[in-house]
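# Observations on chain architecture
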Amino acid sequence: MNLDGGNVMSSTLTLRVFIFASFAALLSGAAFAKDDIRYRNNEHRFAVIFLGQPMQRDITYTTNKGAMVPAKQFYIEQGTDQFIVTVVKVTDGPTADDALVEHAAERLRQRGEVKFGYKYNYDPGVPALQLNIAERNGRQLRVSMYMLDHRLVIAETSATPGNSAALQFEQSITLLDARGEDLDTGQGNGPG
């Protein structure tokens, strides 16, 4: 780490620009918040802001162990922009499987250049990962994924870089408990 004043000033300025840009994106998202729909799906245990009522489709998902398991996608496509939540039910294995989360992330990383990746716990015992990927087609892939109670939940959007609706969608994903309420394991980090 270089401690000369120029690099510290540059880093501080970069951080301020990033915070300002993030704040501006959120404010511009607030302008269309009246038309947004906070979609809640108690059965599949997630909530997210979609820009309308999502369509649904059944798919097959290949796990890190090569098993092909049924999954459900909830999605909206607006022109070339895609907003997708995929819920994969994996009953063979641990309730929260870090290897399965990493496998899903690796598949997504292959779509372009990773600009940002962050692994953390949504709540204790709930592995989570966020990715921001510059896709080869010039689009931006934003992903948040979580594993809870044998469910892998992947919120992903592919849109033009800087699209505030894509940012809002990816950041709004919320896990629900068995009662359909925002998840809080009672061990910190969760809402509430």
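Thresholds applied
Residues numbered from 1 in each chain as written. Predicted model: local features only at pLDDT ≥ 70, side-chain atom pairs only at ≥ 80, totals over all residues. Heavy atoms only, no water. Helix = DSSP H or I, 4+ residues; strand = E, 2+ residues; numbered from the N terminus. Expected span 1.5 Å × (residues − 1). Buried < 20%, exposed > 50% of the residue type's maximum accessible area, 1.4 Å probe, protein only. Arc of directions from axis to C-beta. Contact = heavy atoms within 4.5 Å. Polar contact = N/O pair within 3.5 Å; in protein donor to acceptor, adjacent residues only side chain to side chain. Core = buried A, V, L, I, M, F, W, Y, C linked by side-chain atoms within 4.5 Å. Salt bridge = Lys/Arg side-chain N within 4 Å of Asp/Glu carboxyl O. Phe/Tyr/Trp six-rings, centres within 6.5 Å; stacked < 30°, edge-to-face > 60°. Lys NZ or Arg CZ within 6 Å of the ring centre and 35° of its normal.

Because the α-helix completes a turn every 3.6 residues, residues three or four places apart line up on one side. Between the first and last C-alpha of helix α2 (residues 98-109) there are 16 Å, a value that for 12 residues agrees with the 16 Å anticipated at 1.5 Å per step. Looking at α2, one finds that the buried residues are L100, V101, A104, A105 and L108. Along the axis of α2, the buried residues cluster in a sector spanning 140°; they form a single face. Looking at the buried positions of α2, the neighbouring elements they touch are β3 (55-62), β7 (126-135), β8 (140-148) and β9 (151-159). Sitting at the head of α2, D97 places a side-chain oxygen 3.0 Å from the backbone nitrogen of A99.

Moving on: the nonpolar core. By size, the foremost hydrophobic cluster in this structure holds 23 residues, and its most contacted members are F46, F50, V85, I173 and L175. Every residue in contact with F46, bar those within four places of it in the chain, is listed here: Y39, R40, N41, F74, V85, V87, V153, I173, T174, L175 and L176.

Glancing now at the pattern of salt bridges. In the structure shown here, the tally under the stated rule is 11 salt bridges. The closest approach of N and O atoms between K72 and D58, which form a salt bridge, is 3.0 Å. Taken together, the residues span a long stretch of sequence, with K72 in strand β4 (residues 68-78) and D58 in strand β3 at a distance of 14 residues. A relative accessible area of 61% means that D58 is categorised as exposed.

Let us now look at the packing of aromatic side chains. Aromatic ring pairs: the centre-centre distance and the angle between the two ring planes describe each pair. Inspection of every chain in the model, using the stated rule, returns eight aromatic pairs. Ring geometry for F83 against F169: centres 5.5 Å apart, planes inclined by 80°, an arrangement best described as edge-to-face. Placement of the pair is F83 in strand β5 (residues 81-89) and F169 in helix α3 (residues 164-172), with a sequence separation of 86 residues. Of the two residues, F83 and F169, neither departs from the other in class, the shared state being buried. Their ring planes at 20° and their centres at 5.1 Å tell us that Y118 and Y120 sit as a pair that is stacked. The partly exposed category is assigned to Y120, whose relative accessible area is 21%. Ring-pair connections join several aromatic residues into one group, and the members of that group are Y39, F46, F50, F74, F83 and F169. Over the face of the ring belonging to Y75 we find R57, whose NZ or CZ atom lies 3.7 Å from the ring centre. A cation sits over an aromatic face here: R107 above Y61, 4.6 Å from the ring centre.

The next thing to look at is the environment of N41. You can see N41 is positioned in strand β1 (residues 37-41). Residue classification places N41 among the buried residues on the basis of a relative accessible area of 9%. Sequence separation of N41 and F74 is 33 residues, and the distance between their C-alpha atoms is 9.8 Å. Excluding residues that lie within four positions of it along the chain, N41 makes contacts with F46, F74 and L176. A polar atom in the side chain of N41 sits 3.2 Å from the backbone nitrogen of E43.

To continue, consider α3. Counting buried positions over the nine residues of α3 gives eight, a clear majority of the element. Restricting attention to buried positions, one finds in α3 the residues S164, A165, A166, L167, Q168, F169, E170 and S172. One side-chain oxygen of the residue at the start of α3 lies 2.8 Å from the amide nitrogen of A165, identifying that residue as N163.

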